[in-house]
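What follows is the residue order along each chain.
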Amino acid sequence: MVEAAAARPDAGAAHDVLVVGAGIVGLACALKLQQAGRSVTLVDRRGIARETSSGNAAGLAFSDIIPMASRGMMRKVPGWLADPLGPLAIPPAYFPRILPWLVRYWRAGWPDRIEASIAAQAAMMRLSQAEMNRMVDACGIAHMVHSKGSLELYESEAEFAASLPGWQRRTDHDIAFEHVRGERLADLQPGLSPRFVAGTFVPSWQSVSDPFEFAVAIGSHALGAGATLIEASVIDIASAGEGVSIRLDDGRVLACRQAVLAAGAWSKQLARKLGDAIPLETERGYNTTLPPGAFDVRQQLIFGGHGFVVSALSTGIRVGGAVELGGLDLAPNFRRADAMLTKAAQFLPGLKTQGGRQWMGFRPSLPDSLAVIGRSRATPNVVYAFGHGHLGLTQSAGTGKLVSDLVCGEEPQLDLAPFSPQRF
């Protein structure tokens, strides 16, 4: 009986384009494909934006062009790993499994690669910002986007000095910022602990009022324009003649002309079924969302030395970040969220820490901090769109446009070689 059910095809005609994943990247792909005249079916095991897209820090970080594997970051790693509740943790049992990824991460930070990665990321950010503006206008959700900037904070002159090469690289790509101290720092964010000696304000940084509500609004627009949603897990994907066959956990087999794999941290296993071994790793991020009014946060606050941010949402004050490289199956360790909240209370005296909601999500990350955007090697009717790390919301609309170009046979607006699935 199980064998017979597994072979049951989906009733009706073949789907046009099937997008696996209804997080923010998959939704942006769906919307851009619809705008190009294609019919779209979304498949997601939990529905629209119920995974990582629901709990991110809400930033549109178009100025964030520096790969994680920069030399400054690598110097911090040993100290971070020494603290089990610090910004970076790797469970000992997981270390052998992730070692090849860590070697690639280390190599991605070498001088012969870092400048090319920055140039590719900067180009992606320019496209993403323009396409985000178009997507927001198309969905009528401009009221959900706020341009209050971001403020990165430094506890010592040494920490500030170490940040300067990164800011120079942003200058090279015409990203505006302001180093601030004293009264200017206090005016930008009242109530900071005096331990912070300097900050860097990025006025172009934007944020959304709430990432889940933002994604749901885009999904609602796509569904209203004719997209369909199937709530089921995809367990297999394969070439099928001139199209693609997608098997669901409920026994159905969906036939489609083309497919987009945008399943975030779950994309690795499906790409492997198509013959593509992509070194996608899972960064487990944590946060606590406090009730509205817990603190007067004027713009997104970035505590880079501690690996977390504080964001003001319409639904509360979110304290989150950090990286736990532990895969998809390890149980959450909410002591990591507790540790960030404790630090936030020290950095923002007066922060009301009661009544928070804790959350853990999976960031799909590649060692060079560049997403995978391109065709499957063996099945060109499948286009990949995953691995954005901390930048899924930021780069969603740009990714959607590039995916639409590929699916529709148009020339992509960027050189996609740095994002190729085959670059590894």
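Further up the page is the structure itself.
A brief look at the structure comes next.

What counts, and where the lines are drawn
- Residues numbered from 1 in each chain as written.
- Predicted model: local features only at pLDDT ≥ 70, side-chain atom pairs only at ≥ 80, totals over all residues.
- Heavy atoms only, no water.
- Salt bridge = Lys/Arg side-chain N within 4 Å of Asp/Glu carboxyl O.
- Buried < 20%, exposed > 50% of the residue type's maximum accessible area, 1.4 Å probe, protein only.
- Helix = DSSP H or I, 4+ residues; strand = E, 2+ residues; numbered from the N terminus.
- Core = buried A, V, L, I, M, F, W, Y, C linked by side-chain atoms within 4.5 Å.
- Contact = heavy atoms within 4.5 Å.
- Pairing = 2+ DSSP bridges.
- Phe/Tyr/Trp six-rings, centres within 6.5 Å; stacked < 30°, edge-to-face > 60°.
- Lys NZ or Arg CZ within 6 Å of the ring centre and 35° of its normal.
- Axes fitted to C-alpha atoms, helices over the stretch in contact; angles between N-to-C directions.
- Parallel < 35°, antiparallel > 145°, perpendicular 65-115°, else oblique.
- Left-handed = near helix turned anticlockwise from the far one by under 90°.
- Nonpolar A, V, L, I, M, F, W, Y, C, P; charged D, E, K, R; others polar.

Before going further, it helps to spend a moment on the pattern of salt bridges. For the coordinates displayed, the defined rule picks out 17 salt bridges. A salt bridge links Arg45 to Glu51, with the nearest nitrogen and oxygen atoms 2.8 Å apart. Look at Arg45 and you get partly exposed, because its relative accessible area is 43%. A relative accessible area of 17% means that Glu51 is categorised as buried. The partner of Arg181 in a salt bridge is Glu157, with the nearest N and O atoms 2.8 Å apart. Taken together, the residues span a long stretch of sequence, with Arg181 in the loop between strand S7 (178-180) and helix H7 (182-188) and Glu157 in helix H6 (residues 157-172) at a distance of 24 residues. Looking at Glu157, the relative accessible area reads 41%, which means it is partly exposed.

Attention now moves to the nonpolar core. Phe214, Ile218, Val260 and Ile373 are the most contacted members of the largest nonpolar core, which has 68 residues in total. Among the elements that take part in this core, helix H5 (residues 111-139) stands out by supplying twelve residues, more than any other. Those residues in contact with Ile218 that lie beyond four places of it in its chain are Ile24, Leu27, Leu31, Met135, Cys139 and Ile141. One finds Val180, Phe295, Ile317 and Ala322 within the second-largest nonpolar core, a separate group that totals 30 residues.

For strand S16 (residues 308-313), the tally of buried residues reaches five of six residues, placing the bulk of the element in the interior. Strand direction decides the pairing type here: strand S15 (residues 300-303) and S16, joined by three bridges, are antiparallel. Opposite Ile302, over in S16, you have Val309 as the bridge partner. Taking the residues that link successive antiparallel strands as the turn, the S15-S16 hairpin has four residues, and the phi of Gly307 there is positive, at about 70°. Between the antiparallel neighbours S16 and strand S17 (residues 316-325) lie two residues.

Bringing the sheet that holds strand S5 (residues 145-146) into the picture now. To summarise the sheet geometry, strands pair through backbone hydrogen bonds and adopt either a parallel or an antiparallel arrangement. Sheet architecture is open: three strands sit in the order S3-S9-S5, paired in antiparallel fashion. Where the open sheet ends on each side, the last strands, each with one partner, are strand S3 (59-60) and S5.

Applying the stated criterion across every chain, the model contains twelve aromatic pairs. On the numbers, 5.4 Å between centres and 65° between planes, the contact of Tyr154 with Phe160 is edge-to-face. Residue Tyr154 is classed as buried on the basis of its relative accessible area, which comes to 2%. An angle of 35° between the planes, with centres 5.1 Å apart, marks the rings of Phe303 and Phe308 as tilted. As far as burial versus exposure is concerned, Phe303 and Phe308 are alike and both buried. The lysine or arginine in question, Arg170, covers the ring of Trp167, its NZ or CZ lying 4.2 Å from the ring centre. Over the aromatic face of Phe160 sits the side chain of Arg181, whose NZ or CZ is 5.1 Å from the ring centroid.

We now examine the packing of helix H2 (residues 24-35) against helix H11 (residues 392-407). Axis angle and axis distance: for two packed helices, these are the angle between their axes and the distance between the axes, and together they describe the pair. Look at H2 against H11: their axes get within 7 Å of each other, and the N-to-C directions meet at 40°. The angle between the axes of H2 and H11 places the two elements in the oblique class. Regarding H2 and H11, the two cross each other, and that crossing is right-handed. Judged by residue contacts, Ile24, Val25, Ala28, Cys29, Lys32 and Leu33 of H2 engage Gly392, Leu393, Ser396, Ala397, Thr399, Gly400, Lys401, Val403, Ser404 and Val407 from H11. Taken together, the residues of the contact of H2 with H11 break down into nine nonpolar, five polar and two charged.

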